[in-house]
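One letter stands for each residue in the lines below.
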Amino acid sequence: IHNDHRVAEPTAVNRTITMINQSPRSQRGAALIISLIFLLLLTIIGVTASQTTILQERMAGNVKDRNMAFQASEAALRAGEIWLNANSATLLNASKISSPGGWNGVAVPPPNGTLAGFDSNLAGDPVFHAGPPERIRVGIGLPAAYRIIYPVTSRAVGGTANAVVTLGTYFEVY
């Protein structure tokens, strides 16, 4: 006896059609969640890029500020050397700066000169100090040759009081 009323087993084509018909119902809202996650990632990338740009702006400003202080200190150093050529005799009993890096440009010892009005963008005027003469030996030959040199220290601030440059040199008066 044949049983022709049996239900046929589903084929691969029938299963695919059934899955296609059911997929929109089972994935309802998934596109929204994926879009929100993508939007969150883009927001994080944007905020990070903004913070990086702000940091780079600050660093560039600090470099500019320090460069202004360096140029002003260099100018004060040259002014100190010019002053020293005319006033070296007055420095025989001058005081020496014990720690040039810690010199504040105002207190002991007081500066010998100030470049008043050097640059209106600076937070303060560059200053210089010329110290007492020092005797140094030149070369190793005999007879010994000596020269008299003077220490010159300059200090300047940049556009803010946080950028401070102190320079020093030894200058021989001719």
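The structure this text deals with has already been given above.
Residues numbered from 1 in each chain as written. Predicted model: local features only at pLDDT ≥ 70, side-chain atom pairs only at ≥ 80, totals over all residues. Heavy atoms only, no water.

Description of the overall build of the chain
Then comes step 1: The secondary structure content of the chain amounts to 2 helices and 5 strands.
Then comes step 2: Going residue by residue from the N terminus, the α and β elements of the chain occur as α-α-β-β-β-β-β.
Then comes step 3: By residue count, 24% of the 174 residues in the chain fall in the buried class.
Then comes step 4: Considering only contacts in the chain between residues 6 or more positions apart, those separated by 24 or more positions represent 56%.
Then comes step 5: Summing over all exposed atoms, the chain offers an accessible surface of approximately 12700 Å²; the carbon and sulfur share of this is 60%. (Helix = DSSP H or I, 4+ residues; strand = E, 2+ residues; numbered from the N terminus. Buried < 20%, exposed > 50% of the residue type's maximum accessible area, 1.4 Å probe, protein only. Contact = heavy atoms within 4.5 Å. Areas by Shrake-Rupley, 256 points an atom, 1.4 Å probe, with all protein chains shown as cover.)

Quick look at the pairing of strand β3 (residues 134-138)
Then comes step 1: In terms of strand pairing, β3 meets strand β4 (residues 145-157) through 5 bridges, oriented antiparallel. The partner of R137 across the bridge, within β4, is Y146.
Then comes step 2: Connecting the antiparallel pair β3 and β4 is a turn made up of 6 residues, with G139 showing a positive phi of about 80°. (Pairing = 2+ DSSP bridges.)

Structural notes on the packing of aromatic side chains
Then comes step 1: Scanning the model with the defined rule gives 1 aromatic pair in all.
Then comes step 2: It is R135 that lies over the ring of Y146; its NZ or CZ is 4.0 Å from the centre. (Phe/Tyr/Trp six-rings, centres within 6.5 Å; stacked < 30°, edge-to-face > 60°. Lys NZ or Arg CZ within 6 Å of the ring centre and 35° of its normal.)

Considering the pattern of salt bridges
Then comes step 1: If you walk through the whole model with that rule in mind, you get 4 salt bridges.
Then comes step 2: Between K96 and E134 there is a salt bridge; the shortest N-O distance is 2.8 Å. Here E134 lies in strand β3 and K96 lies in the loop between α2 (30-87) and β1 (113-114), a separation of 38 residues in the sequence.
Then comes step 3: In this structure, R147 engages E172 in a salt bridge whose closest nitrogen and oxygen atoms are separated by 3.7 Å. (Salt bridge = Lys/Arg side-chain N within 4 Å of Asp/Glu carboxyl O.)

What to know about the side chain of E81
Then comes step 1: Structurally, the position occupied by E81 is in helix α2.
Then comes step 2: For E81, a relative accessible area of 11% puts it in the buried group.
Then comes step 3: Not counting residues within four places of it along the chain, the set of residues in contact with E81 comprises V152, T169 and F171.

Re unusual backbone geometry
Then comes step 1: In the segment running from L142 into P143, the intervening peptide bond is cis, with an omega of -5°.
Then comes step 2: Its place among the elements puts P143 in the loop between β3 and β4.

Structural notes on the pairing of β4
Then comes step 1: Taken together, the 4 bridges between strand β2 (residues 127-130) and β4 define a ladder with antiparallel strand orientation. Bridging from a neighbouring strand, F128 pairs with S154 of β4.
Then comes step 2: Of the pairings in the sheet, the one linking β4 to strand β5 (residues 164-171) comprises 8 bridges and is antiparallel in character. Each bridged residue has a counterpart across the sheet, and for Y150 the counterpart in β5 is F171.

With respect to the side chain of S88
Then comes step 1: You can see S88 is positioned in the loop between α2 and β1.
Then comes step 2: Leaving out residues up to four positions away in the same chain, S88 has contacts with Y150 and V173.

Structural notes on the nonpolar core
Then comes step 1: Grouped together as the largest cluster of nonpolar side chains are 10 residues: A69, L77, L84, L91, A130, Y150, V152, V165, L167 and F171.
Then comes step 2: Contacts of F171, omitting those with residues within four sequence positions, involve E81, L84, N85, I148, I149, Y150 and V152. (Core = buried A, V, L, I, M, F, W, Y, C linked by side-chain atoms within 4.5 Å.)

Some remarks on a nonpolar patch on the surface
Then comes step 1: On the surface, a nonpolar cluster with roughly 490 Å² of combined accessible area is contributed by I33, I37, L40, L41 and I44.
Then comes step 2: Locating I37 in the fold gives a position in helix α2.
Then comes step 3: A relative accessible area of 48% means that I37 is categorised as partly exposed. (Patch = residues over 30% accessible without salt bridge, like charges linked within 9 Å, V, L, I, M, F, W, Y side chains within 5 Å.)

Some thoughts on the environment of A161
Then comes step 1: Counting through the fold element by element, A161 comes out in the loop between β4 and β5.
Then comes step 2: In this structure, the C-alpha to C-alpha distance between A161 and L122, residues 39 residues apart in sequence, is 8.5 Å.

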